[in-house]
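A look at the structure
Chain by chain, the residues:
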Amino acid sequence: MHIAIVGASGAVGQELLRTLQQRDFPVDTLSLFGSSRSAGSQYSFRGNTVTVKELRDNDDFRGVDIAFTSAGAGTSRAFAETITRHGALMIDNSSAFRMDADVPLVVPEVNGDDALDAPRRIIGNPNCTTIQMVVALKPIHDISPIRRVHVATYQAASGAGQAAMDELWAQYGALSRGEQPKVEKFSAQLAGNVIPHIDVFTDNDYTKEEMKMFHETRKIMHSDNIRVSATCVRVPVMRAHSEAIWVETESPVSVQQAREAFAAAPGIVLMDDPAARVYPMPLDLAHHDPVYVGRLRADLACDNALTFWTVSDQIRKGAALNAVQIAEHILQAKG
Ligand SMILES: NC(=O)c1ccc[n+]([C@@H]2O[C@H](COP(=O)([O-])OP(=O)(O)OC[C@H]3O[C@@H](n4cnc5c(N)ncnc54)[C@H](OP(=O)(O)O)[C@@H]3O)[C@@H](O)[C@H]2O)c1
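An account of the accompanying structure is given in this report.

How each quantity is defined
Residues numbered from 1 in each chain as written. Predicted model: local features only at pLDDT ≥ 70, side-chain atom pairs only at ≥ 80, totals over all residues. Heavy atoms only, no water. Patch = residues over 30% accessible without salt bridge, like charges linked within 9 Å, V, L, I, M, F, W, Y side chains within 5 Å. Areas by Shrake-Rupley, 256 points an atom, 1.4 Å probe, with all protein chains shown as cover. Salt bridge = Lys/Arg side-chain N within 4 Å of Asp/Glu carboxyl O. Helix = DSSP H or I, 4+ residues; strand = E, 2+ residues; numbered from the N terminus. Pairing = 2+ DSSP bridges. Axes fitted to C-alpha atoms, helices over the stretch in contact; angles between N-to-C directions. Near = heavy atom within 4 Å. Polar contact = N/O pair within 3.5 Å; in protein donor to acceptor, adjacent residues only side chain to side chain. Buried < 20%, exposed > 50% of the residue type's maximum accessible area, 1.4 Å probe, protein only.

**A closer look at a nonpolar patch on the surface**
On the surface, W169, Y172 and L175 cluster together into a nonpolar patch covering about 330 Å² of accessible area. By the secondary structure assignment, Y172 is in helix α5 (residues 162-176).

Dropping the structure here:
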């Protein structure tokens, strides 16, 4: 297998390198790509040193089997043809093609087999907030179809990339020295604050990030009957997103039924013993694979509804791990 990573120096690219190694993914040849900024940088992979090449419109992808791309939507759009024209499968972390009808959008625990039909040789890796939510919605939806989801997200700084993490650290440092923190990556100071604004605002006053949760959930779960109303919030956490989720189903699902379904579901760890102060928190769960679910209870404001809390590392399950799991699903299906 010849594997390529585009955006190797970034937060997701670095996690892809770790994930491929940790999961023993079959890699005979690894090619790394970036812009002119990171071209020439070297990374170690299974004891070998690999040098980043500049991504250009040339034949560098000849012979590549799978290209994991995480270099932003503009780069994915500009280079999709270059990457796929010799037959490589592009598993794309950006939002560039996610809603295209001929591009499957895949979370293996929910719709893994959609990955087996990718006519453009492009597979979309969903938005990180959507991935952790649909993993948790699936076991409920299997008991009774979901009608409505309300969700408030608590998104870590690293969701906006390596430079955003650096900015949050720098802001904490500036505050501790009594200096004015610099604000570049976010719309306001994040240290000591929460910002109810991720991505740009759209005509209906939701943000693009919030509308991704609406549209992507329907596509992944194959249901136009699910309505999702999201408020996406950036919080001064370094890594791992949290979500407070309210789910309304067609017929009642008891807390006990949901508890059993979560406990049995792939990719989920139930962490729900509030009396013993056991509930998922991002500080404890960064760098872990699963979607953690806790604070499960009946919704007091709505019949046929449950509410719960999820935490998952958005660079792992929300990006790199999900992409590698898609590739694993395809390899397994092909035998
Ligand atoms: N961070 C997350 O939690 C997360 C989760 C899900 C999806 N994603 C998506 O994954 C993608 C990468 O995010 P990230 O957080 O890893 O961002 P990041 O830390 O800012 O890294 C961006 C990467 O893209 C590369 N790049 C930028 N422009 C390029 C170009 N013209 N040609 C080649 N490479 C280029 C950069 O290389 P240089 O160093 O050379 O500039 C860098 O390796 C984005 O589309 C993002 O929306 C991120």
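Once the structure has been displayed, the description carries forward.
**A word on the sheet that holds strand β5 (residues 66-69)**
Strand order in the open sheet made by the 7 strands is β3-β4-β2-β1-β5-β6-β7, with mixed pairing throughout. Edge positions in the open sheet fall to β3 (42-45) and β7 (122-124), since each of these has one partner strand only. Across the sheet, the axes of successive neighbouring strands diverge by a mean angle of 25 degrees, strand direction being ignored.

**Quick notes on the site of the ligand**
Not every one of the 26 residues close to the ligand is listed here, only the nearest: S9, V12, S35, R37 and S38. Separating an oxygen atom of the ligand from a side-chain N or O atom of R37 is a distance of 2.7 Å. Take S38: an N or O atom from its side chain is 2.6 Å from an oxygen atom of the ligand. Its free accessible area being 890 Å², the ligand has 78% of it covered by the protein chains. Of all elements in the fold, only α1 (11-22) and α9 (316-334) reach the threshold of two or more residues within the shell around the ligand.

**What about the pattern of salt bridges?**
One pass over the structure, following the stated rule, counts 23 salt bridges. Between K212 and D199 there is a salt bridge whose closest N-O contact spans 3.3 Å. With K212 in helix α6 (residues 208-221) and D199 in the loop between α5 and α6, this pair connects stretches of sequence that are 13 residues apart. Taking relative accessible area as the criterion, K212 reaches 16% and is therefore assigned buried. The class of D199 is partly exposed, set by a relative accessible area of 32%. Among the charged side chains, a network of salt bridges with common partners joins E15, R18, R23, R239, D289, D313, R316 and E328.

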